[in-house]
Amino acid sequence: TSEVHVAKCLTNNKELAIKIINLEAYPMEIDLLRQEVAFWSSSQHPTVVKYYNSFTSGTRLYILMECMSGGSVADILRYAFPSGFKDECIIATILYSILRALDYIHSNKELHRDVKPANALAGSDGQIKIGDFGVAASLLINPSRFTVIGTPCYMAPEVLQNTDGYTEKADIWSFGITAIELAMGSAPYASMAPLQIIQKVLKAPPPILTASSGFSQEFRDLVKACLNYDPSKRPTAHEL
């Protein structure tokens with residue numbers, strides 16, 4: 001939904017990132033955007049990407065944020081570890097950073113709504129931080145027409161059903177899918193068409209990490225706990 005550029009502030013010479021979204025290609029309500037970034041802009045957590053400002057120019061929306069020069073975990077997987085990280089310590093380190101961010105977000109009665117490796121960003125020092133608070137998620141589905149723009153393979157069943165709303169436990173499902181992707185190199189159903197993915201998420205048994213995957217029982221149990229169809233039975237980010 002966007003392109004990202006590295007930029008330098010002329011006032012203080014600091015490096016930052018600018019995300020540019022074409023609002024003609026991906027229309028969204030500016031009022032909705034303001035709601036989405038209100039919490040992000042006030043966040044002061046070490047595992048949350050710093051938000052600086054946003055503005056529109058013509059049909060383009062510019063979001064200014066902290067530059068994470070290591071790129072996204074999704075890109076690191078794609079280019080260097082296409083079959084996933086086989087060192088469970090690396091996976092645990094990444095997941096722990098994501099959980100710290102989610103615990104902070106959820107404790108403030110907010111949701112992230114777009115937890116996935118593409119939104120877990122690496123700094124030049126190796127730190128992992130979460131970015132994109134709902135800005136991308138709100139572009140994925142138009143509830144009135146159920147038009148899928150992005151891939152729904154990270155979305156919880158209750159989000160895709162779009163009936164009675166959902167809670168922060170939707171982020172926990174997305175976290176479980178993210179854990180599988182870190183281990184295996186791709187999310188379940190990622191190669192399918194969007195509507196096929198929706199059918200699988202809603203009707204097939206929840207994805208798991210099998211014993212033959214070579215990962216520990218603890219890690220496999222964590223994934224299983226997150227990918228429970230009943231949101232009330234999923235653990236909280238703090239418990240995880």
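Since we're looking at a predicted model, the values are computed, not measured. Starting from 1, residues in each chain are numbered consecutively following that chain's sequence as written. Per-residue local features are limited, in this predicted model, to residues with pLDDT of at least 70; the limit for side-chain atom pairs, both in listing and counting, is 80 or more; totals at the level of whole chains, interfaces and linings are taken over all residues. Heavy atoms throughout the structure, all of them, feed into the side-chain values; hydrogens and water do not.

### Focus: the pattern of salt bridges
Link 1 in the chain: Any Lys or Arg side-chain nitrogen found within 4 Å of a carboxyl oxygen on Asp or Glu counts as a salt bridge. Applying the stated criterion across every chain, the model contains 5 salt bridges.
Link 2 in the chain: Note that Lys-19 and Asp-132 form a salt bridge whose closest N and O atoms lie 2.7 Å from each other. Remark: Asp-132 occurs in the loop between strand E7 (128-130) and helix H4 (137-140) and Lys-19 occurs in strand E2 (residues 15-22); sequence separation between them is 113 residues.
Link 3 in the chain: The class of Lys-19 is buried, set by a relative accessible area of 11%.
Link 4 in the chain: Residue exposure (1.4 Å probe, protein chains only): buried if accessible area is under 20% of the type maximum, exposed if over 50%, otherwise partly exposed. Owing to a relative accessible area of 5%, Asp-132 belongs among the buried residues under this scheme.
Link 5 in the chain: The shortest N-O distance in the salt bridge between Lys-116 and Asp-114 comes to 3.9 Å. Only DSSP runs of H or I reaching four residues or more are called helices, and only runs of E reaching two or more are called strands; each is numbered from the N terminus.

### Brief notes about the pairing of strand E4 (residues 60-66)
Link 1 in the chain: When you tally the buried positions in E4, you get 6 out of 7 residues, the bulk of the element.
Link 2 in the chain: Where E2 and E4 come together, 7 bridges link them in antiparallel fashion. Pairing of Ile-18 across the sheet is with Leu-64, part of E4.
Link 3 in the chain: Direction of pairing for strand E3 (residues 51-57) relative to E4: antiparallel, over a ladder of 6 bridges. Bridge pairing links Phe-55 to Tyr-62 in E4.
Link 4 in the chain: Whether two strands pair depends on DSSP finding at least two bridges between them. Linking E3 back to E4 in an antiparallel pair, the connection comprises 2 residues, with Gly-58 at a positive phi of about 65 degrees.

### With respect to the packing of helix H6 (residues 169-184) against helix H8 (residues 217-226)
Link 1 in the chain: At a minimum axis distance of 8 Å, the contact between H6 and H8 shows a crossing angle of 145 degrees. Every pair of crossing elements has a handedness; the one defined by H6 and H8 is left-handed. Counting all contacts with H6, which are made through Ile-172, Trp-173, Phe-175, Gly-176, Ala-179, Ile-180 and Ala-183, the residues of H8 involved are Phe-219, Leu-222, Val-223 and Cys-226.
Link 2 in the chain: Here the nonpolar group is Ala, Val, Leu, Ile, Met, Phe, Trp, Tyr, Cys and Pro; Asp, Glu, Lys and Arg are the charged ones; every other residue, Gly included, is treated as polar. Residue composition of the contact of H6 with H8, by class: 10 nonpolar, 1 polar and no charged. Only the stretch in contact is used when fitting a helix axis, every axis being a line fitted to C-alpha atoms; angles between N-to-C directions are given from 0 to 180 degrees. Note on convention: the crossing is left-handed when the near helix lies turned anticlockwise from the far helix by less than a right angle, right-handed when the turn is clockwise. Note on contacts: a residue pair is in contact if any heavy atoms of the two residues lie within 4.5 Å.

### Quick word on the sheet that holds strand E5 (residues 71-72)
Link 1 in the chain: In spatial order, the strands read E5-E6-E7; together these 3 strands make up an open sheet with antiparallel pairing. Because the sheet does not close on itself, it has two edges, and the strands there are E5 and E7.
Link 2 in the chain: One ladder, built from 2 bridges, connects E5 with strand E6 (residues 120-122); its direction is antiparallel. Counterpart to Ser-72 in the pairing with E6 is Leu-121.

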